[in-house]
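# Understanding the architecture of this molecule
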Amino acid sequence: MGAPVAINGPIGERAITCSHSQWSTGAAEQSERVRAESMGSMVASVEEIGAAAAPQAVERRLGELRATFESGRTRPLSWRQSQLRGLLRLLADKEEEAFRALHDDLGKHRAEAYRDEVGVLTKSANAALREIGKWAAPEKASSTHYLVTLQRILFVRLAHQLLLEPNSAVSWMGAQVWVPLVAFPASAQVVPEPLGVVLIFSCWNFPLGLSLEPLIGAIAAGNAVALKPSELAPATARFLEENIGEYLDATAVKVIQGGPAVGEQLMEHRWDKVLFTGCPRVARVVMAAAVKHLTPVALELGGKCPCIFDAVAGRRNLQTSVNRVIFAKWSSCAGQACIAIDYVLVEERFAPTLIKLLKSTLKRFIADSDQMARIVNGRHFQRLSNLLKDPAVAASILHGGGLDAKNLSIEPTILLNPPLDSAIMTEEIFGPLLPIITVKKIEDSIAFVRARPKPLAVYAFTDSAPLKRRIVEETSSGSVTFNDAVVQFGVDTLPFGGVGQSGFGQYHGKYSFEMFSHKKAVLRRGFLVEAMLRYPPWDEQKIAMMRHLFRYDYVRFIFTFLGLRR
């Protein structure tokens with residue numbers, strides 16, 4: 001869940017912030033200046049790990065991580081399981097401290113903190129502990145596959161199919177690794193192995209979840225890990241630094257606090273993988289720094305996630321849909337989430353009904369400011385306030401718009417058809433402001449979404465099977481969720497990640513394990529059979545046999561080998 005972030009790791013000025021998407025250059029640059037000017041007081045208040053002494057401290061810590069990994073300490077399954085159990089103990093023992101840290105940083109209610117961070121992490125760690133044996137096991141083909149292959153070939157021949165397609169053979173055998181019969185005797189495996197020493201840049205909006213969720217996958221895969229939490233969530237960063245070493249192997253997992261200077265120093269070193277959660281502009285800088293060592297990078301970014309709201313049949317279903325929109329916009333860190341609904345697309349005729357229900361439900365769900373997280377800091381508050389100062393945007397406000405600078409609180413705000421070229425519709429909002437854009441026909445929303453950069457998520461509330469099919473087939477996004485929103489983040493069996501400008505690389509569940517693993521191909525052959533057709537001198541019979549082999553047509557191969565068929 002990326003965010004407009006101060007460069008919490010890599011490169012750049014001390015006080016840079018950015019939003020995920022910049023579709024309108026002029027408006028985006030102006031907003032960038034406001035955010036860049038805004039962060040001085042916040043960054044200055046953060047205690048870095050000694051800007052002057054940091055190079056030596058960072059190098060010492062990284063050296064210890066590298067030595068630990070090279071010793072083989074992190075590879076055994078028992079070590080990985082022990083780290084996951086330690087993480088679960090941390091979450092259980094220090095739950096109240098975690099709640100306090102999240103409240104200090106973002107004003108999150110303890111229920112929201114548990115739902116979106118502590119609870120999700122507990123679920124993820126338990127799932128990884130339960131499944132890690134399967135994830136880490138080599139994928140291999142049984143020697144009986146040769147007999148199965150031969151049986152299938154004969155069956156296909158009897159069924160008058162002239163060619164045996166390799167994909168068919170794979171699906172019949174139900175194996176992940178398949179060795180052609182011509183390679184007999186041979187066996188093959190895909191062996192997952194840890195990448196080495198990896199670096200995780202976290203973000204401030206879900207500072208616990210976005211730190212520990214990828215950490216679960218990294219340690220499950222057997223890596224040593226450096227975790228760089230966001231300095232804009234200092235209470236959570238301190239919580240992580242004080243507790244990670246107590247509950248996990250301190251020689252293999254290290255929390256490195258600091259601001260941009262420390263981030264720059266980290267990116268000067270060689271890593272076996274870097275996961276960065278943030279915005280596209282900073283991500284480009286991270287990737288540029290990674291080029292020096294050809295470090296592979298995964299980027300979790302964001303974008304303007306649309307919600308297509310069709311006329312849902314039945315009052316109960318309609319009310320449930322509205323509840324879920326409110327949850328996905330205002331209840332998750334006050335909209336400061338990369339997968340939060342950014343704007344809603346709805347038919348003109350249905351817009352009044354939707355707006356009426358949104359207003360009445362908001363009054364019930366968020367009766368006071370304590371029920372919603374606050375804006376992360378004063379300058380981010382100012383950025384959001386500036387979005388509403390545009391006269392054309394201000395004229396489109398139908399509900400809310402109240403600003404409380406003292407408490408960094410912005411009232412849930414609904415806008416109807418703000419100008420499409422205004423900043424609120426060209427930048428990722430990342431706050432409690434919800435534009436509603438009307439279309440003539442709900443199908444027109446597909447063209448609207450396609451005309452913009454690929455988002456991290458597309459949401460649609462609809463009963464229409466044809467519309468669902470078109471959304472899946474005609475739009476591109478990190479994920480699509482029908483009749484709900486944001487909840488896909490908590491489904492471990494689904495990969496989480498973006499596409500295009502919204503990022504690349506996927507994690508959660510087994511996908512986290514795979515992100516931090518290398519799938520090593522292993523092939524073993526014996527000397528019993530040797531096919532001389534691969535060696536010169538060449539003749540037409542060898543060419544014919546090779547043609548049959550590359551088509552997995554073993555019957556014709558045998559006939560040709562015996563000289564019975566040309």
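In the annotation of an unreviewed UniProt entry, the chain is listed under the name aldehyde dehydrogenase (NAD(+)) and assigned to Aegilops tauschii subsp. strangulata. UniProt, in its Catalytic activity (unreviewed entry) section for the chain, records the words "an aldehyde + NAD(+) + H2O = a carboxylate + NADH + 2 H(+)". The Sequence similarities (unreviewed entry) field of the UniProt record for the chain holds the comment "Belongs to the aldehyde dehydrogenase family."

If you trace the six strands from one edge of the open sheet to the other, you get β5-β4-β3-β6-β7-β17, paired in mixed fashion. The open sheet is flanked by β5 (253-255) and β17 (503-504), the only strands paired with a single partner. Contacts between helix α12 (residues 280-290) and the sheet are confined to β6 (273-277), β7 (297-300) and β17, with β7 contributing the most and set at about 175° to the helix.

With respect to the helices and strands, the residue K108 is situated in the loop between α5 (95-106) and α6 (110-136). The contact partners of K108, leaving out residues within four places of it in the chain, are L102, H103, E117, N205, F206, C333 and A373.

The next point concerns unusual backbone geometry. The step from F184 to P185 runs through a cis peptide bond, and the omega angle for that step is -5°. Considering the arrangement of structural elements, one finds P185 in the loop between α8 (166-173) and β2 (186-194). Omega for the peptide link from P536 to P537 comes to 5°, which places this bond in the cis form. Among the secondary structure elements, P537 is positioned in the loop between β18 (517-525) and α21 (540-550). Here L294, not a glycine, exhibits a phi torsion of approximately 55°, which is positive. Tracing the chain through its elements places L294 in the loop between α12 and β7. For L294, a relative accessible area of 73% corresponds to the exposed category. Not every positive phi belongs to a glycine, and N417 is a case in point at roughly 50°. Mapped onto the fold, N417 is located in the loop between β13 (413-416) and α17 (423-426).

Before going further, it helps to examine the sheet that holds strand β9 (residues 343-347). Spatial strand order, β10-β13-β14-β9-β8-β15-β16: seven strands in an open sheet with mixed pairing. Looking along the sheet, the strands with just one partner apiece sit at the ends: β10 (397-399) and β16 (480-482). Put simply, the sheet's adjacent strands are angled 25° from each other on average, direction ignored. Looking at chain direction, strand β15 (residues 458-461) and β16 are connected through three bridges and run parallel. If you follow V458 over to β16, its bridge partner there is V480.

Looking now at the side chain of K304. Position of K304 relative to the elements: it lies in the loop between β7 and β8 (306-309). Of note is the side chain of K304, whose polar atom sits 3.0 Å from the backbone oxygen of I424. A polar contact is formed between the side chain of K304 and the backbone oxygen of E427, at a distance of 2.7 Å.

Turning our attention to the pattern of salt bridges. A side chain of one charge can pair with a side chain of the opposite charge when the charged atoms of the two come close. One pass over the full model with this rule turns up 22 salt bridges. E64 is the partner of K254 in a salt bridge, and the nearest nitrogen-oxygen pair spans 3.1 Å. Here the residue K254 occupies a position in strand β5, and E64 occupies one in helix α3 (residues 54-70), the gap between them amounting to 190 residues. When its relative accessible area of 13% is taken as the criterion, K254 is described as buried. Overall, the relative accessible area of 31% leaves E64 in the partly exposed class. The shortest N-O distance in the salt bridge between K440 and E348 comes to 3.5 Å. Of this pair, K440 sits in the loop between β14 (433-439) and α18 (444-450) while E348 sits in the loop between β9 and α14 (351-365), placing them 92 residues apart in sequence. Residue class for E348 comes out partly exposed when judged on its relative accessible area of 39%.

What counts and what doesn't
Residues numbered from 1 in each chain as written. Predicted model: local features only at pLDDT ≥ 70, side-chain atom pairs only at ≥ 80, totals over all residues. Heavy atoms only, no water. UniProt positions renumbered as here; feature names shortened; annotations may be inferred. Pairing = 2+ DSSP bridges. Helix = DSSP H or I, 4+ residues; strand = E, 2+ residues; numbered from the N terminus. Contact = heavy atoms within 4.5 Å. Axes fitted to C-alpha atoms, helices over the stretch in contact; angles between N-to-C directions. Buried < 20%, exposed > 50% of the residue type's maximum accessible area, 1.4 Å probe, protein only. Polar contact = N/O pair within 3.5 Å; in protein donor to acceptor, adjacent residues only side chain to side chain. Salt bridge = Lys/Arg side-chain N within 4 Å of Asp/Glu carboxyl O.

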